[in-house]
Amino acid sequence: MSTVRKVRRLKKVPDTDNAVGQLACALRRSRAVLGLTQAQAADVIGKSTSTVQRAEAGAVAPKKSLVDGYVDKLGLAPEEAKRLYEKATRAPGRQRRSLTQAPHPRMVSTRDELGRALARVWEENNRPSMQQLQDRVQAAREADEKRKRYAFLSRSAAYRISHRQQLPSGVEQLRAYLYACRVKERQFPIWIQAYQRVKAKEKEESAAKKTAGSEERRIWRRWIGRRRATSIMLNAGLHPAEPFPRSGTAPWTAQCMRCGLIGRFRLSSVMQGRGCPKCTTLSP
């Protein structure tokens, strides 16, 4: 008798006055559009029939993995699923987890800004697991015979990108990450432009730094040689422990001839009167 009552309760239409019931109705609709029974839907998603029945009954909020199954396998709209799931699982008075502060992709100009923006899209997608991100991209790659639109996205790469530890290795991996985070494809060009803008800026800064370093070394080589540099250090009471690095701003290992301190000194600083930090006076 209790079993009959339980089955009837599962078949009851969810109460749409509460968030859990609204989510259950959305799950039912996505299954009904495909003409599947609850048992058939369970097989497609990879869950038990009882799990699907409980989710569609609207008594309690289902797990995130089940809702993701309806999105990935049964065509439930991602935006609707996200909105209803967050509403159904949020306790009264509970504050939403704060999102990473990030500029719009159009305003991104630095590596840090792009990293924060990529982390935010993952957070806005309700922080899916790294396995889910990898599976979504893999499914898209299998559906695309040429497999040129998206690069393979491993769980480790997805973690590092979503946690601001690295940027995508290229445009293809950027597209894969955005796809896995449910960013609409029409927005991809804006993100790609931001990525290319950051990379171009880093390339320019790297080239400028390299040029400045070469120029600085050239200037020092022109007017100061190893003997003169060594003489300056000795006059300051510092005995070089390695050859002159051929740069006035490069650290140079030397030992103080007064207190025996071994440290790293810059010739340009020594020439300005800054020598051993333990000694108050320097030799003339």
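What you see as residue numbers is a count from 1 along each chain, following the sequence as written. In view of the model being predicted, local features appear only for residues whose pLDDT reaches at least 70, and side-chain atom pairs are presented and counted only at 80 or more, with totals across whole chains, interfaces and linings using the full set of residues. To get the side-chain values, take all heavy atoms of the structure and skip hydrogens and water.

Caption draft 1: Focus on the overall build of the protein chain. Of regular secondary structure, the protein chain possesses 13 helices and three strands. Here the term buried applies to any residue with accessible area under 20% of the maximum for its type, exposed to any over 50%, and partly exposed to those in between, with areas from a 1.4 Å probe on protein chains only. Across the 284 residues of the protein chain, 40% fall into the buried class. Residue contacts follow a heavy-atom distance rule, with two residues in contact if any of their heavy atoms lie within 4.5 Å. Taking all contacts inside the protein chain whose residues are at least 6 apart in sequence as the whole, residues at least 24 apart take part in 50%. Residue burial considers only the protein chains on display, and all accessible areas are found by Shrake-Rupley using a 1.4 Å probe. Accessible surface computed for the protein chain: about 17100 Å², of which carbon and sulfur atoms make up 50%. The helix and strand labels rest on DSSP assignments: H or I over at least four residues marks a helix, E over at least two residues marks a strand, and numbering proceeds from the N terminus.

Caption draft 2: Here's a closer look at the side chain of S154. The residue S154 is located in the loop between α8 (130-143) and α9 (155-162) in this model. Nitrogen and oxygen atoms within 3.5 Å of one another constitute a polar contact, given that in protein one can donate a hydrogen and the other can accept it, and given that sequence-neighbouring residues count only through two side-chain atoms. Engagement of the side chain of S154 in a polar contact is seen with the side chain of S156, the distance being 3.1 Å. A distance of 3.1 Å separates a polar atom in the side chain of S154 from the backbone nitrogen of A157.

Caption draft 3: Inspection of the side chain of S162 at higher detail. The topology assignment puts S162 in helix α9. For S162, the side chain forms a polar contact with the main-chain oxygen of A158, separated by 2.8 Å. Within the structure, S162 has its side chain in polar contact with the backbone oxygen of Y159 (distance 3.1 Å). The residues touching S162, leaving out its near neighbours within four places in the chain, are A119, W122, M130 and Y177.

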